[in-house]
Amino acid sequence: MAASASSAINLSIKPSHTSLSWQTHLSSTSALAVSPLSGHRQYPRFVIYAVGDKPTVLVAEKLGEAGVNLLKEFADVDCSYNLTPEELCNKISLCDALIVRSGTKVSREVFESSGGRLKVVGRAGVGIDNVDLAAATEHGCLVVNAPTANTVAAAEHGIALLTAMARNVAQADASVKAGKWLRNKYVGVSLVGKTLAVMGFGKVGSEVARRAKGLGMHVIAHDPYAPADRARAIGVELVSFDKAISSADFISLHMPLTPATNKVLNDETFSKMKKGVRIVNVARGGVIDEDALVRALDAGIVAQAALDVFTVEPPKDSKLVQHENVTATPHLGASTMEAQEGVAIEIAEAVVGALNGELAATAVNAPMVPAEVLSELKPFVALAEKLGRLAVQLVAGGSGVKSVKVTYGSARGPDDLDTRLLRAMITKGLIEPISSSFVNLVNADFTAKQRGLRIAEQRSLLNGSPESPLEFIQVQISSVESKFASALSDSGEIRVEGRVKDGIPHLTKVGSFEVDVSLEGSIILCRQVDQPGMIGKVGSILSEGNVNVSFMSVGRVAPRKHAVMAIGVDDQPSKEILKRIGDIPAVEEFVYLKI
Ligand SMILES: NC(=O)c1ccc[n+]([C@@H]2O[C@H](COP(=O)([O-])OP(=O)(O)OC[C@H]3O[C@@H](n4cnc5c(N)ncnc54)[C@H](O)[C@@H]3O)[C@@H](O)[C@H]2O)c1
Ligand SMILES: O=C(O)[C@H](O)COP(=O)(O)O
């Protein structure tokens, strides 16, 4: 088979646009759409509703009314609180989205029980430690949270606990109510001039720091990931963990619960603290080893603790809660009227957006792709999926696809092209036609890994203008046989390449043959001996079968040698019509591919 560079001859171009309206209720091939109505980012759609159908949203914990009303405009809303884990698992297969606060464990069993229907979990708050993120990702379920609306409430609660603890407000109140008047027992400590160590200088931590400075405290902070300029702007010094805990009179915890922060306050770290230190925790109970805290309180290392959060909530028979130097609240940090309304609206908008196919700005388990990047990548996203779909259909049955090489031809430097979305769509195109898997931006990398599919990406740096993010995308599948031998490159890989022309994805190379056919509808690839009359013969067979040709392009090695004809067709040709094409004596091989 000849395999050198070839030229393409365009015979007719009839582009037909497939509209990517944000209200389109879905196709099995996904499309990236930027909402013309709202300008919202949308990502490869993954929810399929029949027009008129409404999705079902299960709200499993009390959510502010404004949020529930917002959800009701778009979905059937089932507010069922206090479900047991079994009840949640039973209900979930009827739900497209689930909204929870911190009181519901969204475990792997929940995702497994959903039977693939659950597409979004909305956490009406910040912490997502009650959601099994790995299981969500594996099941292609997007997790979104509401990270900003309760920040001030949590910071205010932290300050409330700090001041109440320093002045024994809770204990003194209980004693007065018990008929006592213990003015000498409840002498407190002053805050002014004392050192407060804020552990975790994020949204809540920095608001606590700002307020504590207003109380005249000297504030230091420990956060390995916080930008120094943010700390400087508030007048806070960022210090090491050891320096923070050893120099503080008060310690306020504001980091997430992660493997690194789990029980970060323990016997060893308590022993490094100043004797008489006071601790506030409005973050997560698990960052403190609670048994160690009881020991530190008994030993007087920790004079007092004020805790809003516990390892197990509600805490059962807890020595810690009963300790006379402990002030406890039942996870009230986010519980202000204002914060709950704000969180409810924030999460309802995120969930509705996600159900509509938008890429939520607060997605926790999907790559954040900025709006500008999404909008310029939009046509390439469609191209990426279609090339994946096309390439995998060229693989001869029985040969497993294991290794795929993707080349992005671009004049942009490597840091100026975010290819995660493109890789996800190529993966979707490669996997969906040959499996029952459902692939989206959330689970693409996971699904590829699970199937042993290795996708290597490389860049071909071009000289052109960096204005366009990409010139071409090339997909190569190695170590497989092809049902269309002409799709093999010199080095034996199935190779297809495409470009975007006038916003429409085009197939521009098959194997070593250059073609030019719009990637819409279906394609017939046909290799023949290059001779007069071939186009007419194939065209008239298709027209006799009432098959409308949308594009036709011929790439050839040299005159009168081999040529590859790419024919875009709107309708599926019958077996009889395909057979007649194959029976034309000059036709050496052909393949019909659905895009
Ligand atoms: N009690 C409540 O009702 C309530 C309300 C809101 C938030 N929270 C909790 O408060 C915590 C903070 O929330 P946020 O909104 O400020 O989150 P955030 O993500 O804005 O801030 C967390 C900060 O912790 C830092 N961090 C991560 N690992 C760290 C480590 N090992 N040591 C020190 N710092 C580390 C991060 O860099 C980040 O700056 C979360 O655990 C959240 O769940 C509780
Ligand atoms: O992480 C959070 O946002 C807080 O812990 C609030 O949790 P809640 O929604 O259960 O009050």
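The rules behind these values
- Residues numbered from 1 in each chain as written.
- Chains lettered and ligands numbered in written order.
- Predicted model: local features only at pLDDT ≥ 70, side-chain atom pairs only at ≥ 80, totals over all residues.
- Heavy atoms only, no water.
- Helix = DSSP H or I, 4+ residues; strand = E, 2+ residues; numbered from the N terminus.
- Buried < 20%, exposed > 50% of the residue type's maximum accessible area, 1.4 Å probe, protein only.
- Contact = heavy atoms within 4.5 Å.
- Areas by Shrake-Rupley, 256 points an atom, 1.4 Å probe, with all protein chains shown as cover.
- Arc of directions from axis to C-beta.
- Pairing = 2+ DSSP bridges.
- Axes fitted to C-alpha atoms, helices over the stretch in contact; angles between N-to-C directions.
- Near = heavy atom within 4 Å.
- Polar contact = N/O pair within 3.5 Å; in protein donor to acceptor, adjacent residues only side chain to side chain.
- Nonpolar A, V, L, I, M, F, W, Y, C, P; charged D, E, K, R; others polar.
- Disulfide = S-S within 2.5 Å.
- Right-handed = clockwise from strand over helix to strand, strands pointing away.
- Core = buried A, V, L, I, M, F, W, Y, C linked by side-chain atoms within 4.5 Å.
- Salt bridge = Lys/Arg side-chain N within 4 Å of Asp/Glu carboxyl O.
- Lys, Arg positive; Asp, Glu negative; His and termini not counted.

**Student:** Sorry if this is basic, but what is going on with the overall build of the protein chain here?
**Tutor:** Counting secondary structure elements, the protein chain contains 18 helices and 23 strands. Across the 595 residues that make up the protein chain, the buried fraction comes to 53%. When contacts within the protein chain are restricted to residue pairs at least 6 apart in sequence, those whose partners lie at least 24 apart make up 66%. When the accessible area of the protein chain is evaluated, it comes to approximately 25800 Å², of which 52% is carbon and sulfur surface.

**Student:** Can you walk me through helix 1 (residues 65-72) in this structure?
**Tutor:** The periodicity of an α-helix, 3.6 residues per turn, causes residues three or four positions apart to be oriented the same way. Of the residues making up helix 1, those classed as buried are G67, V68 and L71. In an axial view of helix 1, the angular spread of the buried residues amounts to 100°, which keeps them on one side of the axis. Residues of helix 1 that are buried in the fold lie against strand 2 (56-59), strand 3 (76-79), strand 4 (97-100) and helix 13 (337-355).

**Student:** Just checking my understanding: could you explain the sheet that holds strand 7 (residues 195-199) for this structure?
**Tutor:** Within a sheet, neighbouring strands are paired by backbone hydrogen bonds and run either parallel or antiparallel to one another. Taken together, the seven strands give an open sheet; going across it, the order is 9-8-7-10-11-12-13, and neighbouring strands pair in parallel fashion. Two strands in the sheet have a free side with no partner beyond their single neighbour: strand 9 (237-238) and strand 13 (326-328). By the bridge criterion, three bridges tie strand 12 (residues 302-307) to strand 13 in an arrangement that is parallel. The partner of A306 across the bridge, within strand 13, is T327. This element, helix 7 (residues 203-214), spans strand 7, strand 8 (218-222) and strand 10 (250-253) of the sheet and lies at about 170° to strand 7. The strands touched by helix 11 (residues 290-298) are strand 12 and strand 13; relative to strand 12, the strand with the most contacts, the crossing angle is about 140°.

**Student:** Explain the site of ligand 1 here, please?
**Tutor:** What surrounds ligand 1 is a group of 25 residues, the closest being K203, V204, D223, V282 and D308. Taking V204, its main chain carries an N or O atom lying 2.8 Å from an oxygen atom of ligand 1. Within the contact set of ligand 1, an oxygen atom lies 2.6 Å away from a side-chain nitrogen or oxygen of D223. Its free accessible area being 850 Å², ligand 1 has 87% of it covered by the protein chains. For the shell around ligand 1, the per-class residue count stands at 12 nonpolar, nine polar and four charged.

**Student:** Sorry, what's going on with the state of the cysteines here?
**Tutor:** Covalent bonding between the sulfur atoms of two cysteines is what defines a disulfide. Summed over all chains, the structure comprises zero disulfides. Here C79 stays unpaired: no disulfide links it, and the sulfur of C95, its closest cysteine neighbor, is 11 Å away. C141 takes part in no disulfide bond, and the closest cysteine sulfur to it belongs to C95, at a distance of 11 Å. You can call C141 buried: its relative accessible area is 0%.

**Student:** Before we go on, may I ask you to explain the sheet that holds strand 16 (residues 472-478) in this structure?
**Tutor:** Here six strands make up an open sheet; going across it, the order is 15-14-16-17-18-19 and the pairing mixed. Lying at the two open borders of the sheet, with one neighbouring strand each, are strand 15 (454-461) and strand 19 (513-518). The mean inter-strand angle of the sheet, taken between neighbouring strand axes irrespective of direction, is 20°. Bridge count between strand 14 (residues 403-410) and strand 16: seven bridges; the pairing is antiparallel. Counted as the bridge partner of S403 is S478 from strand 16. In the packing of helix 14 (residues 371-393) onto the sheet, the strands contacted are strand 16, strand 17 (494-501) and strand 18 (504-510), and the crossing angle to strand 17 comes to about 155°.

**Student:** Sorry if this is basic, but what is going on with the pairing of strand 3 here?
**Tutor:** Successive side chains on a regular strand alternate, one facing one side of the sheet and the next facing the other. Summarising the sheet, strand 2 and strand 3 pair through four bridges and their orientation is parallel. Bridging across to strand 3, T56 finds its partner in D76. Since strand 2 and strand 3 lie parallel, the crossover through helix 1 that links them has a hand, and here it is right-handed.

**Student:** Whenever I open this one, helix 11 confuses me. Can you help?
**Tutor:** When we look at burial in helix 11, the residues that qualify are E290, A292, L293, V294, A296 and L297. Its side-chain oxygen 3.2 Å from the backbone nitrogen of D291, D289 forms the N-cap of helix 11. In the segment just after helix 11, G300 is the residue with positive phi, at about 80°.

**Student:** Explanation requested: the nonpolar core in the structure shown.
**Tutor:** A general feature of soluble globular proteins is that nonpolar side chains tend to end up buried together. Counting 55 residues, the largest nonpolar core has L394, V404, I473, I477, L507 and L525 as the members making the most contacts within it. With 11 residues, helix 14 is the largest single contributor of residues to this core. Each residue touching L525, except ones within four places of it in the same chain, is listed here: L394, F484, L507, V510, M565, A566, E589, F590, V591 and L593. If you look at the next biggest cluster of nonpolar residues, it comprises 30 residues, including A197, L253, L293 and V302.

**Student:** Is there a simple way to explain the environment of A166 in this structure?
**Tutor:** Note that A166 resides in helix 5 (residues 151-166). Taking relative accessible area as the criterion, A166 reaches 2% and is therefore assigned buried. Put simply, A166 and S543 are 377 residues apart on the chain and 88 Å apart in space, counted from C-alpha to C-alpha. If we ignore the near neighbours within four places in the chain, the residues touching A166 are G188, V189, L191, F250 and Q304.

**Student:** Please clarify how the site of ligand 2 should be interpreted in this entry.
**Tutor:** By nearness alone, every residue bordering ligand 2 is listed as R101, S102, R123, A124, G125, V126, G127, N150, R284, H331 and A334. Contact between ligand 2 and H331: an oxygen atom at 2.6 Å from a side-chain N or O atom of the residue. In isolation ligand 2 exposes 310 Å². Once the protein is present, 91% of that is buried. For the shell around ligand 2, the per-class residue count stands at three nonpolar, five polar and three charged.

**Student:** Help me out: how do you make sense of the pattern of salt bridges in this one?
**Tutor:** Close approach of charged atoms allows side chains of opposite charge to pair. Taken as a whole, this structure holds 25 salt bridges when the rule is applied. The closest approach of N and O atoms between R210 and E207, which form a salt bridge, is 3.5 Å. Taken together, the residues R210 and E207, both in helix 7 and three residues apart, mark about one turn of the helix. Taken together, the shared-partner salt bridges connect E385, R389, K428 and E432 into one network.

**Student:** Would you mind going over the side chain of E520 with me for this structure?
**Tutor:** Along the polypeptide, E520 turns up in the loop between strand 19 and strand 20 (522-529). Among buried Asp, Glu, Lys and Arg side chains, E520 stands out as unpaired, with K386 the closest opposite charge at 5.8 Å.

**Student:** Quick question: what am I supposed to make of the environment of I577 here?
**Tutor:** Within the secondary structure, I577 is located in helix 18 (residues 575-583). For I577, a relative accessible area of 5% translates into the label buried. Apart from residues lying up to four places away in sequence, I577 is in contact with I541, L542 and G545.

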